[in-house]
Amino acid sequence: MGPFEIAALAIIGGIGLSAFKVYHDNKGKAGSAELDQLRVEQEKLKQRIATLESIVTDKSYQLKEQINRL
C-alpha cells in the first residue's frame, strides 16, 4: 500500500467518522413542531382517560352493569 492510498483511507475514514457523529447527535432530536403536536395529543388523551374514569367509577354505571349481568 502506497502513501497516497493510506492518505486516501485516512481522509475517507475521517469524513465517515464525522458524518457518523453528526448522525448520532441528531438521531434523537425531534422538531419543535412534532413535539408540540405530541404534547397536544397527550393532553387530549389525558382528558379522555379522565372522562372514562369518571364514567366507570360512577355508581349508576356500576348499577347498570350489575343489572345487565343478571
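The structure contained in this document is the topic of the report that follows. (Residues numbered from 1 in each chain as written. Predicted model: local features only at pLDDT ≥ 70, side-chain atom pairs only at ≥ 80, totals over all residues. Heavy atoms only, no water.)

1. Quick word on the overall build of the protein chain
In plain terms, the rule: Secondary structure elements are taken from DSSP: a helix is a run of H or I of four residues or more, a strand is a run of E of two residues or more, and numbering for both begins at the N terminus. Three exposure classes are used, based on accessible area relative to the maximum for each residue type with a 1.4 Å probe and protein chains only: buried under 20%, partly exposed in between, and exposed over 50%. For the area figures, the Shrake-Rupley method with a 1.4 Å probe applies, and any residue is considered shielded solely by the protein chains shown.
A tally of regular secondary structure across the protein chain gives three helices and zero strands. Based on the C-alpha atoms only, the size of the protein chain along its principal axes is roughly 90 × 30 × 10 Å. Considering the protein chain as a whole, with its 70 residues, one finds that 0% of them fall into the buried category. If you sum the accessible surface of the protein chain, you get close to 6700 Å²; carbon and sulfur atoms cover 63% of it.

2. Here's the deal with a nonpolar patch on the surface
Our working rule: Surface patches are defined over residues having more than 30% relative accessible area and no salt bridge, joining like charges when they lie within 9 Å and nonpolar side chains (Val, Leu, Ile, Met, Phe, Trp, Tyr) when within 5 Å. Salt bridges are defined as contacts in which a side-chain nitrogen from Lys or Arg sits within 4 Å of a carboxyl oxygen from Asp or Glu.
A cluster of nonpolar residues, L52, I55, V56 and Y61, forms a patch on the protein surface that exposes about 350 Å² of accessible area. At three residues, the largest contribution of residues to the nonpolar patch is made by helix α2 (residues 32–57).

3. Some remarks on the packing of α2 against helix α3 (residues 59–69)
In plain terms, the rule: To get an axis, fit a line to the C-alpha atoms, keeping to the stretch in contact for a helix; angles then go from 0 to 180 degrees between the N-to-C directions. Throughout this description, any angle smaller than 35 degrees is read as roughly parallel, any larger than 145 degrees as roughly antiparallel, any in the 65 to 115 degree range as roughly perpendicular, and the remainder as oblique. We call two residues contacting when some pair of their heavy atoms lies within 4.5 Å. Each residue is assigned to one class: nonpolar for Ala, Val, Leu, Ile, Met, Phe, Trp, Tyr, Cys and Pro, charged for Asp, Glu, Lys and Arg, and polar for all the others, Gly among them.
Taken N-terminus to C-terminus, the directions of α2 and α3 make an angle of 60 degrees; their axes are 5 Å apart at the nearest point. By the angle between their axes, α2 is oblique relative to α3. Contacts from I55, V56 and T57 of α2 reach α3 at K59, Y61 and Q62. The class makeup of the residues in the contact of α2 with α3 is three nonpolar, two polar and one charged.

4. Some remarks on the environment of L35
Within the fold, L35 resides in helix α2. Taking the relative accessible area as the measure of exposure, L35 reaches 36% and is therefore partly exposed. Residues L35 and M1 lie 34 residues apart in sequence; the distance between their C-alpha atoms is 51 Å.

5. Some thoughts on the pattern of salt bridges
In total, this model carries two salt bridges according to the counting rule given. We note a salt bridge from R39 to D36, for which the minimum N-O separation is 3.6 Å. Taken together, the residues span about one helical turn, with R39 and D36 both in helix α2 at a distance of three residues.

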